[in-house]
Amino acid sequence: GEVSATPEPNESEYLSPVSIGGQTLNLDFDTGSADLWVFSTSLSSSSIGQHAAFDPSKSSTWEDYPGASWQIMYGDGSGASGTVGFDVVEVGGATASRQAVEIATKVSSSFVSDVNNDGLLGLGFSKINTIEPQPQKTFFESVLPKLDQPVFTADLEDDAAGTYEFGRVDTTKYTGMLHVTPVDSSNGFWEFASTAYSIGGTTYQNSGASTAIADTGTSLLLVDDNVAQAFYAQVQGSQLSRTAGGYVYPCSAQVPDFGVQIGSSGFIATIPGSDITFAEVGQGTCFGGVQGNGGGGIQIFGDVLLKQYFAVFNGGNESFGIAAK
Ligand SMILES: O=C(CNCCc1c[nH]c2ccccc12)Nc1scc(-c2ccccc2)c1C(=O)NCc1ccccc1
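Residues numbered from 1 in each chain as written. Predicted model: local features only at pLDDT ≥ 70, side-chain atom pairs only at ≥ 80, totals over all residues. Heavy atoms only, no water.

*Asks:* Which parts of the structure should I look at to understand the sheet that holds strand S15 (residues 202–205)?
*Replies:* Each strand in a sheet pairs with another by means of backbone hydrogen bonds, the pair being arranged parallel or else antiparallel. The four strands lie next to each other as S15-S14-S20-S21, forming an open sheet whose pairing is antiparallel. Strand pairing shows two members of the sheet lacking a second neighbour, S15 and strand S21 (268–271), which therefore form its edges. Strand after strand, the sheet turns through a mean of 25° between neighbouring axes, direction not considered. Bridge count between strand S20 (residues 258–261) and S21: four bridges; the pairing is antiparallel. Across the sheet, residue Gln-261 finds its bridge partner in S21, namely Ile-268. (Pairing = 2+ DSSP bridges. Helix = DSSP H or I, 4+ residues; strand = E, 2+ residues; numbered from the N terminus. Axes fitted to C-alpha atoms, helices over the stretch in contact; angles between N-to-C directions.)

*Asks:* Looking at this structure, how should I read the state of the cysteines?
*Replies:* The final tally for this structure, using the stated rule, is one disulfide. What pairs with Cys-251 in a disulfide is Cys-286, and their sulfur atoms sit 2.1 Å apart. The sign of the 105° torsion about the S-S bond sets the Cys-251-Cys-286 disulfide as right-handed. Residue Cys-251 is located in the loop between strand S19 (246–250) and S20, and its partner Cys-286 is located in strand S23 (residues 285–288); the two are separated by 35 residues in the primary sequence. Judged by its relative accessible area of 3%, Cys-286 falls in the buried class. (Disulfide = S-S within 2.5 Å. Buried < 20%, exposed > 50% of the residue type's maximum accessible area, 1.4 Å probe, protein only.)

*Asks:* Help me understand the packing of aromatic side chains in this model?
*Replies:* The description of two aromatic rings rests on the distance between their centres and on the angle between their planes. Enumeration over the complete set of coordinates arrives at 26 aromatic pairs. Residues Phe-140 and Phe-166 carry aromatic rings whose centres are separated by 6.3 Å and whose planes lie at 50° to one another, so their mutual orientation is tilted. Here the residue Phe-140 occupies a position in helix H3 (residues 139–143), and Phe-166 occupies one in strand S11 (residues 163–166), the gap between them amounting to 26 residues. Phe-166 carries the same exposure label as Phe-140, and that label is buried. A ring pair is formed by Tyr-197 and Tyr-204, whose centres lie 5.4 Å apart and whose planes are at 25°; its orientation type is stacked. Classification of Tyr-204 by relative accessible area gives partly exposed; the value is 31%. Taken together, the aromatic side chains of Phe-29, Phe-125, Phe-139, Phe-140, Phe-152, Tyr-164, Phe-166, Trp-190, Phe-192, Phe-301, Phe-313 and Phe-320 make up a single cluster linked through ring pairs. The ring of Phe-86 carries the charged tip of Arg-98 above its face, separated from the ring centre by 3.9 Å. (Phe/Tyr/Trp six-rings, centres within 6.5 Å; stacked < 30°, edge-to-face > 60°. Lys NZ or Arg CZ within 6 Å of the ring centre and 35° of its normal.)

*Asks:* Looking at this structure, I do not really get the sheet that holds S19. What am I missing?
*Replies:* Reading across from one edge, S18-S19-S23-S22 is the order of the four strands in this open sheet, with antiparallel pairing throughout. Strands at the two margins of the open sheet, each flanked by one partner only, are strand S18 (239–241) and strand S22 (277–282). This sheet shows a mean twist of 40° between the axes of neighbouring strands, independent of strand direction. Relative to S23, S22 runs antiparallel, the two being bridged by four bridges. Looking at the pairing, Thr-277 lines up with Gly-288 of S23.

*Asks:* I tried to follow the pattern of salt bridges on my own but got confused; where do I start?
*Replies:* When the charged atoms of two side chains with opposite charge come close together, those side chains can pair. Throughout the structure, instances matching the rule amount to seven salt bridges. Its salt-bridge partner being Lys-325, residue Glu-157 comes within 3.6 Å of it at the nearest N-O pair. Here Lys-325 lies in the segment after strand S27 (319–323) and Glu-157 lies in the loop between strand S10 (151–155) and S11, a separation of 168 residues in the sequence. Residue class for Lys-325 comes out partly exposed when judged on its relative accessible area of 36%. Connected through salt bridges with shared partners, the residues Asp-155, Glu-157 and Lys-325 form a single ionic network. (Salt bridge = Lys/Arg side-chain N within 4 Å of Asp/Glu carboxyl O.)

*Asks:* Whenever I open this one, the environment of Lys-58 confuses me. Can you help?
*Replies:* Along the chain, the position of Lys-58 falls in the loop between helix H1 (45–48) and strand S6 (63–73). Judged by relative accessible area, Lys-58 falls into the exposed class, the value being 65%. Along the primary structure Lys-58 and Gly-22 are separated by 36 residues, whereas in three dimensions their C-alpha atoms are 9.0 Å apart.

*Asks:* Looking at this structure, how should I read the pairing of strand S26 (residues 310–314)?
*Replies:* Every other side chain in a regular strand lies on the same face of the sheet, so the side chains alternate between the two faces. For S26, a buried count of five out of five residues is recorded, marking the element as mostly surrounded by other parts of the structure. Burial along S26 is two-sided: Phe-310, Val-312 and Asn-314 facing one way and Ala-311 and Phe-313 facing the other are all buried. By the bridge criterion, four bridges tie S10 to S26 in an arrangement that is antiparallel. Its bridge partner being in S26, Thr-153 is matched across the sheet by Val-312. What sits between the antiparallel neighbours S26 and S27 is a turn of four residues, in which Glu-318 has the positive phi angle 50°.

*Asks:* Before we go on, may I ask you to explain the site of the ligand in this structure?
*Replies:* Taken together, 19 residues lie around the ligand, and Asp-30, Gly-75, Asp-76, Asp-215 and Thr-218 are the ones closest in. Take Asp-215: an N or O atom from its side chain is 2.6 Å from a nitrogen atom of the ligand. About the coverage of the ligand: the protein hides 73% of its 700 Å² of free accessible area. In the shell around the ligand, the residues fall into seven nonpolar, six polar and six charged. (Near = heavy atom within 4 Å. Polar contact = N/O pair within 3.5 Å; in protein donor to acceptor, adjacent residues only side chain to side chain. Areas by Shrake-Rupley, 256 points an atom, 1.4 Å probe, with all protein chains shown as cover. Nonpolar A, V, L, I, M, F, W, Y, C, P; charged D, E, K, R; others polar.)

As structure tokens, then:
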């Protein structure tokens, strides 16, 4: 069947209503991780705050996974951990009848204060699922055999609602051609080759990192440090600020267009300079949406890039495609 879930965009994330054992929570759909975890009634009331919290004792279809646990840490220092069970998980119209659901008994402060999401729904590959003693399938892997097509699409918008759809590619959602590249899932990500970039329309070879991942769970565009340095060399007044945690510049600065190659096909996905500012950090200073990846081998193509395009994640032939919209 085909399903669509319309996430509510909030700042840097796109939330979609998910039903778990008949309880609805707003989860952040995240192609950069593979854990489905939720705020739960096991957390302290101060941690729960405004969040919806899943209560397994109120689900008639809940099944414990005795002795299992999970623990996840993200590159921004945030994280969560807890216990595991199985329940019926429904997104739009697709149902996973026995989906591993990770109950948070601990969440870091950044998730407590991020009142928009009640947890994450990982859409990466289950080889990076953190459940011990045995990693479990993602929601997409669970429903894949039942879908008309083994795909899901992400149509992220800045302020309008974005949409994830499972089982079909809505060709009315994009214009021109879909630029498709093979994915190497061996690291558990939707990872592909990316060896070139462009600044202000001029293309350069990327001498550093040679791959990138499509990551709806990361707000920023984290490129090879040399590429970030080359980009900000063309932004008057920019500087790498330790206090801000990255490159900042006067909000009045002229920011050039920035593009990154998707796959070895040669297609360069471009972000208009006017869409690159991520946040104002005060005193007329702006924080850039393009930042260095801190020397890690892979580049992380997050929402700053993905919201410019319509994205197709194909779990059948393991490929990633984007098109203008
Ligand atoms: O984890 C994800 C996607 N889920 C994010 C969930 C999430 C984390 N805070 C959230 C807050 C709200 C909603 C969702 C999330 N992507 C990947 S792949 C490799 C790295 C990585 C590993 C080591 C070092 C650097 C990156 C990350 C990473 O840590 N991104 C987050 C981030 C965010 C900001 C800056 C850097 C990295």
